[in-house]
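Fold and contact review
Here's the letter readout for the chains.
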Amino acid sequence: MLDIQTSSAQPTATPHVTRREDYTAPDWLVPEIALDFALDPAATRVKATLHVQRSDAHDRPLRLDGAGQTLLSVSVDGVAVNDWTIEGETLVLPLTGSAHVVETEVEIAPERNTQLMGLYASGGNLCTQCEAEGFRRITYFPDRPDVLSRYQVRMTADKARYPVLLANGDPIAAGDLPDGRHWAEWRDPFPKPCYLFALVAGDLAVNRGSFTTMSGREVALGIWVRAADVPRTDHALAALKAAMAWDEQTYGREYDLDVFNIVAVDDFNFGAMENKGLNIFNSRYILADPDTATDYDYDGIAAVVAHEYFHNWSGNRVTCRDWFQLSLKEGFTVYRDQCFSADQGSAAVKRIEDVRGLRAAQFPEDAGPLAHPIRPDSYQEISNFYTATIYNKGAEIIRMLATMLGAQAFRAGTDLYFDRFDGTAATCEDFVASLEDASGTDLTQFRRWYSQAGTPRITASLLHHKGSGRAELVLAQNTPPTPGQTVKQPVVLPLRIKLFGADSAQPYAPEQTVLLTEAEHRIVFEDVRERPILSINRGFSAPAILETDRSAADLAFLAAQDDDPFARYEALQQLMLDTLVESAGGARVDHAAVIAAIGGTLANPQLDRAFVAEAVLLPSESFIGDQMAVVDPEAIFRARETLRRDIGRALEASWRAAYDGARATTTGYVYSPEAKGLRRLKSVALGYIAASGAADAGALAFAQFEAADNMTDRQSALTTLVAGDSAQRTPALDIFYNRYSDNALVLDKWFSVQAMAPRDDTGAVVAELAQHRDFTLSNPNRARALIGAFGVNQRAFNAADGSGYRFLADQLIALDRLNPQTAAKLIPPLGRWKRFDSNRAALMRAELERIVAVPGLSKDMAEQASRSLD
Ligand code: 0A1
Ligand code: ZN
């Protein structure tokens, strides 16, 4: 544990830094391991039998990582030994031969494990989480992803309490024991790193399914949950089957075991985990029925089920050599799940949602104190690197490769990659080299994306000489400095571009993909007879910030005419953004152009309703803030509310027509792209009707709230009511609470809706909710529902008196004692201090300093909080 000196707020011990360039291959391999668990929540005994092999001619001892367990015995080749030592928490064992059998026995206490890493208890069941370095909390082992072993696992447990015993691979035997206990054995034939190990012991019921693979093998599928939740697992099971079929069709990847099990648990630090043949999920990404889950939840479930399933190839069959390569599996797998979701519904809406997510989480990360490349060079605590950069920017990098290579060559590249590296621990370089070899494309410069942090800024300006018919597009790129990386090189930016004629509204030529590789680049178009309008970065083909000199009229034109749905969305967003930034900066701004563009979009019958609903939404307060030199949360809030009100009023009849139209066409809950689009539009329209100040808005929202036959409609009505001050506000919150008080996932929504409310009293309400009897820091979902949601409510969190900062710091200090990983993830809102005025910046820094000074602070938190101060 890091030793912190309270007086100076400086760590006395230098934290250990792991560096990518220091990688060395393992000294000892462990081709086989047998584990024997005597499961008990208070005291579980773990016997591990490791068949170890010296990797080459060296005389170094065997070093086994450990953390937090009690070592009971060590033996080598069947003989108890005591010449081992413990260095820090590492078990060091001198060995003489080239191969030995090493046995250890340890004791651990799953019920006292609040950090939810290793073996822990959740809802009366026992489960594991080993990525990244949790296996060392279960037994002594070389806890690094490049040591691959075949696992055989035996579990014994009380049969009444834990009737179901699951582990990786296939079940091989089970039986009863005399004292009310029973046992089961599982074997996983595929060598895997220990971060993919999993077991579950619990009182679980199963929804079974089956899938026939492309070579005709039958796979038994099982989704394991508490008995009452089985009816909520059909959507996840359907998504799993769809994902299995999609990976065969799209990447030629077939599943490889006879069983595939998923277990849902309520206490989980992330979304889910891809353990071989036994995925463990946060229950929020499994459980859904129309009454308790929104369309958004349904989409999230399908995406995460697919993501974890896709890891079977991109992550498990080919794993990572070391944790610096994390984006090798995560960036690629996110890209795969994004494409899967796009294929299930509206690809345009999916792209819009993904870009919105990237801008909300990753762009600020890349512009702030925690910026890092998708392949970092160093870390103190690897858990802190499960970031939007590794995952979402990582996916954008893969997407650019797919765009540049084209579908066929990209597929040839991934085939080659899977062939070459199946059964091994690979690097990002291995992936890029496979694509390069299969496609014949030189990716030398492209590799900069792996080592350079920061979001590139592109400026584009289009000049036209009417007389000569010549148009010239001047492109320039520049990546601002990030901590530790002051000098930036130009990166490869594939920009999908098209020009439209301002008068004819016809495209000048088919779309082209321009590769911007230099700091500056000019492209000449000949024979351009009418004034051209630039459509650029179509489909968001490059993850960059774009600045153009396009006028409001040109943006309005593109919002109405562009044939690329993303570019169309983007043009309208840019129009709104320009208006909002100007008005937040104090200018008096005319809202007519925005209103007209929104009105046109709303009235266009050709457009998919889901697209319309996304396109007419105003940019978020924090995205507006990202465009300003100094974020002024109050001014942004006012500018946005004023524009919302004006849009609501000016188009009130259209909103009502859209609302009534959508309401009339949705009867009974159907989860289809069309029905989702209508519900979404209905909720957006309701929001604008309320924003207009219409006297009946409260009654309208309450009627929807009460009549709803699904959570999408009910939650959107509640959100609208909570934002306002109607008489129905408090009754709705109470009804919602009482109706769902026994459903943790829905209660999370009750907390979040209040924490995200655009209201003057949100800070006070959130402080009170933290004292609510249903609030607990021990459940990560609940902690995120209140504290996480509050942290992204820009105006409430950044209250000028610093009360929001103090509240967050208090909560994080408390949470850190229980669950450092989840606590450290919630730090970023405090790290944005450089973006605010000096008063707020000082208040934020003071809270970060207070956190850093806490005695016994976790390594996770110490790293994130101290980096946030730089
Ligand atoms: N590999 C998982 C993410 C994950 C990482 C760490 C965890 O530890 C608490 C849990 C899950 C994924 O990409 O889904
Ligand atoms: Zn993943």
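Residues numbered from 1 in each chain as written. Chains lettered and ligands numbered in written order. Predicted model: local features only at pLDDT ≥ 70, side-chain atom pairs only at ≥ 80, totals over all residues.

- Within an unreviewed UniProt entry, the label attached to the protein chain reads Aminopeptidase N, and the organism entered is Sphingomonas echinoides.
- Its UniProt record gives the protein chain the following Cofactor (unreviewed entry) comment, quoted word for word: "Zn(2+)". (UniProt positions renumbered as here; feature names shortened; annotations may be inferred.)

1. Quick look at the overall build of the protein chain
- When you go through the protein chain residue by residue, the secondary structure sums to 27 helices and 31 strands.
- Here the C-alpha atoms of the protein chain give a radius of gyration of 28 Å, agreeing with the 29 Å that 2.2 N^0.38 yields for 870 residues.
- In terms of overall dimensions, the protein chain has a C-alpha envelope of 90 × 65 × 65 Å along the principal axes.
- Burial status across the protein chain gives 51% buried among its 870 residues. (Helix = DSSP H or I, 4+ residues; strand = E, 2+ residues; numbered from the N terminus. Rg over C-alpha atoms; globule rule 2.2 N^0.38 Å. Buried ≥ 20, exposed ≤ 12 C-beta atoms within 10 Å, placed from the backbone.)

2. Brief notes about the site of ligand 1
- In the vicinity of ligand 1, the residues found are Gln129, Glu131, Asn269, Phe270, Gly271, Ala272, Met273, Glu274, His307, Glu308, Glu330 and Tyr386.
- Put simply, the parts of the chain that give the shell around ligand 1 at least two residues each are strand S20 (272-273) and helix H2 (295-310). (Near = placed C-beta within 6 Å.)

3. Considerations on the sheet that holds strand S25 (residues 457-465)
- Pairing in this open sheet of four strands is mixed, and the strands run S29-S26-S25-S31 from one edge to the other. The open sheet has two free edges, formed respectively by strand S29 (520-525) and strand S31 (545-548), since each of these has just one partner strand. The sheet shows a mean angle of 20° between the axes of neighbouring strands, taken without regard to direction.
- One ladder, built from nine bridges, connects S25 with strand S26 (residues 470-478); its direction is antiparallel. (Pairing = 2+ DSSP bridges. Axes fitted to C-alpha atoms, helices over the stretch in contact; angles between N-to-C directions.)

4. What about the environment of Asp354?
- Relative to the assigned elements, Asp354 resides in helix H4 (residues 347-366).
- Residues Asp354 and Asn392 lie 38 residues apart in sequence; the distance between their C-alpha atoms is 8.4 Å.

5. A look at the packing of H4 against helix H10 (residues 565-584)
- Orientation of H4 relative to H10, taken along the N-to-C sense of each, is 45°, at an axis distance of 9 Å. With respect to each other, H4 and H10 are oriented oblique. As H4 packs across H10, the resulting crossing turns out to be right-handed. Residues Ala348, Arg351 and Ile352 of H4 pack against Pro565, Phe566 and Tyr569 of H10.
- Looking at the contact of H4 with H10 residue by residue, the classes come out as five nonpolar, no polar and one charged. (Parallel < 35°, antiparallel > 145°, perpendicular 65-115°, else oblique. Left-handed = near helix turned anticlockwise from the far one by under 90°. Contact = placed C-beta atoms within 7 Å. Nonpolar A, V, L, I, M, F, W, Y, C, P; charged D, E, K, R; others polar.)

6. Comments concerning the pairing of S25
- Between S25 and S26, which follow one another and run antiparallel, lie four residues, and Gly469 among them has a positive phi close to 70°.
- Across four bridges, the pairing between S25 and S31 is parallel. Counterpart to Ala460 in the pairing with S31 is Thr548.

7. Remarks on helix H9 (residues 552-561)
- Asp554, Leu555, Leu558 and Ala559 are the residues of H9 that are buried. Down the axis of H9, the buried set is contained in an arc of 140°. They therefore lie on one face.
- The inward-facing, buried residues of H9 abut strand S30 (532-536), H10 and helix H11 (592-603). (Arc of directions from axis to C-beta.)

8. With respect to the environment of Pro61
- With respect to the secondary-structure elements, Pro61 resides in the loop between strand S3 (44-54) and strand S4 (62-64).
- Look at Pro61 and you get partly exposed, because 17 C-beta atoms sit within 10 Å.
- Along the sequence, Pro61 and Leu91 sit 30 residues apart, while their C-alpha atoms lie 9.8 Å from each other.
- With near-sequence residues (within four places) excluded, Pro61 lies in contact with Val92, Leu93, Pro94 and Leu95.

9. Considering the sheet that holds strand S9 (residues 99-108)
- The strand order S6-S5-S9-S3-S2-S12-S15-S14 describes an open sheet built from eight strands, whose pairing is mixed. Two strands close off the open sheet at either side, each with one partner strand: strand S6 (79-80) and strand S14 (170-176).
- Of the pairings in the sheet, the one linking strand S2 (residues 28-38) to strand S12 (residues 149-158) comprises seven bridges and is parallel in character. By the bridge assignment for S12, Phe37 is matched with Met155.

10. Some thoughts on unusual backbone geometry
- Omega for the bond connecting Glu131 with Ala132 falls within 30 degrees of zero, at -5°, which places this linkage in the cis form.
- By secondary structure assignment, the location of Ala132 is in the loop between strand S11 (125-129) and S12.
- A positive phi is found at Asp527, a non-glycine position, where the angle reads about 60°.
- Mapping Asp527 onto the fold places it in the loop between S29 and S30.
- The exposed category is assigned to Asp527, around which 10 C-beta atoms lie within 10 Å.
- Even without being a glycine, Phe540 presents a positive backbone phi close to 50°.
- Note on placement: Phe540 falls in the loop between S30 and S31.
- On the basis of neighbour counts, which here come to 22 C-beta atoms within 10 Å, the residue Phe540 falls in the buried class.

11. Observations concerning the confidence of the model for the protein chain
- Overall, the prediction assigns the protein chain a mean pLDDT of 97, with 99% of residues at 70 or greater.
- Interface confidence in the predicted complex, given as ipTM, is 0.98; pTM for the same model is 0.98. (pLDDT = per-residue confidence, 0-100.)

12. Observations regarding the packing of helix H6 (residues 407-421) against helix H7 (residues 428-439)
- Where H6 contacts H7, the two axes come as close as 8 Å, and the packing angle between them is 125°. When the axes of H6 and H7 are compared, the pair comes out oblique. H6 and H7 meet at a crossing whose hand is right-handed. Along its contact with H6, which presents Ala409, Ala412, Gly413, Leu416, Tyr417, Arg420 and Phe421, the element H7 presents Asp430, Phe431, Ser434, Leu435, Asp437, Ala438 and Ser439.

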